[in-house]
Every structure is written in C-alpha cells, then in structure tokens.
Amino acid sequence: MLRLLSLLLKILLAAVCLAGSQAAEVLPHRQDRPPNPPRSPEEAVRHMRVPEGFSVELVASEPEIVNPIALTFDDRGRIWITESIEYPRKPAGPGRDRVKILEDSNGDGRADRVTTFASDLNIPTGIAWGYGGVCVLNAPDLLFFREEKGKAISREVILTGFGRTDTHELPNSLTWGPDGWLYGLNGVFNESRVVSRGKEFKFNCAMWRLHPRTHEFQIFCEGTSNPYGIAWNFDGSAIVEACHWANDHLFHLSRPANIKGKPERFRLIR
C-alpha cells in the first residue's frame, strides 16, 4: 500500500512539473524575442502597417513632444496634446507634465510651431477644446484653462474627486457627445468620489458626462474594465475601447429614449 501511494505521489509530482514547464513556455505576445532597435520617427512611420486605403504621415515627434497621451483639435486646426513624464506616480500634486499646442503655419502637414500652454500637471490623461479654452483631466481634478492668444490666462477646478489608486486607469478620453455634454471614462480599479450639485457619486469602471455650462455631473453607464477611447456612431451611441487582461474588447454603450438619470446598459462587441 505504501509503495502504491509513493508511486501515485511521484506521478502527481511529475504531472505538476510538466504542467509548470508547459505554462512557462506560454509567453505574452512579442515577448519571445528582443524588441526592435530604436528607430527615428521617419523610420517608425515606414514600419507602420495600416488597412488598405489608409496612410501615415509624420506630424510631430521628439524632442518637440514627449510621451503624448491625449489630443484634441480646435477650430483653427491646431492640435492640443497632453504630455506625461510623471507616470506612474500615484501621489497628487504639481508635477512636470504639460499641455502643448501644435501648429502648422504653411499647410504642409507638419507642426512647425510647438508651444507650451500649461505646465505643473501630473499625468494629464484627457483634453477637450471648447468654450474659449480647454478642459484637462488631471486627477483628482477636471480643470478648465481659458485661452487668450495661445496662453492660459486662468485655471479653474470644475470637478474634483477622481481617484489615483491605479494610475493606468485614471479618468480619461474627454470627448464631446452628440448631445453637447462632455464625456469621459474611468477604470475599474480607480475608485472615485465626485460631488456635484450636492449629490455624491461613488464609482470606478464607468462612462460619465459633464454639462459644460451648469457643470452638472452624471454617470452615463457602468461597465467594461479599463476603458480608454470614445467614438460616436450616427445613431448617437458610444463605442468604447477597453483593455482587458484576456482579450481586447470594444463596447457599445447606449441609453434608451426615456432617460431618468440612472446608469443603463452596455453591450460587448467582439
């Protein structure tokens, strides 16, 4: 009986070792070989692969811009970007990150003028132009910078209470919606607590929106995982990208015609 138990134990240990060796051979995508050598911006563009009918052109590159995270366009065709060298810093407070304006003065598609619009930021993860300035997500705050002749003449905290518990899931993707509200996202492990017009909102993984004039805040929909990126279709529904540990997902976020101010539903698009 003891010999049988000993034999069974050896078989079990051998199976565990075999499973462990097989698991060790399962490597993440492109981690089975060294990364490519550093390339110039022009070389990087030539190596990009895009769908048929699309092309890639170089607009701006280092050292004029460093670690860009988010961008928006204004009515003059200028590109506004946020940069971050503070990531993955968790503590809030002033940092070394910036908002820059990129301009193409001669119409050749290249930014020939790059200026710093705002500084002292700390992982600014979203930007949207409108109402005479730009809104910038700089957790825990949503800021508004009023612009005059390419310079920030004021800085206002519109909302506060966004979390910094997970700095790769910070509030992000400021995008104007078809209803005129400003929309944004927040990740699943980034606990947030926003107070708006006397009402408290506790949330993590959600799509939220802000009225640009009254600054009323609402949770539009809850769900996804680590969302980043909003696009709207012609029906007024949002398509949101979410980074998932197992799969890459696109989510369709919508609300029915009778909106009563409560979170509604989401649908997964594979």
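Position numbers for residues count from 1 along each chain, tracking the sequence in the order it is written. For this predicted model, a pLDDT threshold of at least 70 governs which residues receive local features, and a threshold of 80 or more governs which side-chain atom pairs are given and counted, while totals over whole chains, interfaces and linings are taken from all residues. The basis for every side-chain value is the complete set of heavy atoms in the structure, and neither hydrogens nor water enter the calculation.

**Comments concerning the overall build of the protein chain**
Put simply, DSSP marks the helices as runs of H or I at least four residues long and the strands as runs of E at least two long, and each gets a number from the N terminus on. Per the secondary structure count, the protein chain includes two helices and 18 strands. The rule is simple: take the accessible area with a 1.4 Å probe, protein chains only, and divide by the maximum for that residue type; under 20% is buried, over 50% is exposed, in between is partly exposed. Every one of the 270 residues in the protein chain was classed for burial, and the buried ones make up 38%. Counted over contacts in the protein chain with a minimum sequence separation of 6, partners at least 24 positions apart contribute 42%. By element, 56% of the accessible surface of the protein chain is carried by carbon and sulfur atoms, the whole surface being about 16500 Å². Residue contacts follow a heavy-atom distance rule, with two residues in contact if any of their heavy atoms lie within 4.5 Å. Surface exposure here means Shrake-Rupley accessible area, sampled with a 1.4 Å probe, where a residue is shielded only by the protein chains that are shown.

**Topic: the sheet that holds strand S8 (residues 151-160)**
At least two DSSP bridges between two strands are needed for those strands to be called paired. One open sheet accounts for four strands, arranged S5-S6-S7-S8; its pairing is antiparallel. Edge strands, defined here as strands with exactly one partner in the open sheet, are strand S5 (126-130) and S8. The average undirected angle you get between the axes of adjacent strands in this sheet is 20 degrees. Sheet topology note: the strand S6 (residues 133-138)/strand S7 (residues 141-148) ladder contains six bridges and is antiparallel. Across the sheet, residue Asn-138 finds its bridge partner in S7, namely Asp-141. Between N-to-C directions, angles span 0 to 180 degrees; the directions come from axes that are lines fitted to C-alpha atoms, helices contributing only their stretch in contact.

**Some points on unusual backbone geometry**
Backbone phi values are negative for most residues with the exception of glycine, while trans is the configuration of most peptide bonds. In this structure, Pro-63 follows Glu-62 across a cis peptide bond, with omega equal to 5 degrees. Looking at the element boundaries, Pro-63 is found in the loop between helix H2 (41-47) and strand S1 (68-73). At the junction of Tyr-87 and Pro-88, the peptide bond is cis and its omega measures out at 10 degrees in the coordinates. Looking at the element boundaries, Pro-88 is found in the loop between strand S2 (79-83) and strand S3 (97-103).

**Here we look at a nonpolar patch on the surface**
Patch membership needs two things, relative accessible area over 30% and no salt bridge, and members are linked within 9 Å if like-charged or within 5 Å if nonpolar (Val, Leu, Ile, Met, Phe, Trp, Tyr). For this document, the term salt bridge refers to a Lys or Arg side-chain nitrogen within 4 Å of an Asp or Glu carboxyl oxygen. Residues Met-48, Val-50, Phe-54 and Val-56 make up a contiguous nonpolar surface patch of about 370 Å² in total accessible area. Among the structural elements, Phe-54 can be located in the loop between H2 and S1. Relative accessible area serves as the criterion here: at 59%, Phe-54 is assigned to the exposed category.

**Looking at the pattern of salt bridges**
What the rule picks out here adds up to 12 salt bridges. For the salt bridge of Arg-76 with Glu-103, the shortest nitrogen-to-oxygen distance reads 3.9 Å. Taken together, the positions of Arg-76 in the loop between S1 and S2 and Glu-103 in strand S3 put the pair 27 residues apart, joining distant regions of the chain. The residue Glu-83 makes a salt bridge to Lys-100 at a minimum N-O spacing of 3.2 Å. Highlighted residues: Glu-83 in strand S2 and Lys-100 in strand S3, separated in sequence by 17 residues. Here Glu-83 and Lys-100 have matching classes, each one buried. Taken together, the shared-partner salt bridges connect Asp-74, Arg-78 and Glu-147 into one network.

**Details of the nonpolar core**
Side chains that are nonpolar tend, in soluble globular proteins, to be buried together. Counting residues in each nonpolar core, the largest one holds 21 residues, and the members touching the most others are Leu-142, Leu-159, Phe-162, Leu-174, Phe-203, Trp-208 and Phe-217. Only S6, S7, S8, strand S12 (199-203), strand S13 (206-210) and strand S14 (217-222) provide two or more residues apiece to this core. The element contributing the most residues to this core is S13, with three residues. To qualify as a nonpolar core, a set must consist of buried Ala, Val, Leu, Ile, Met, Phe, Trp, Tyr and Cys residues joined through side-chain atoms within 4.5 Å.

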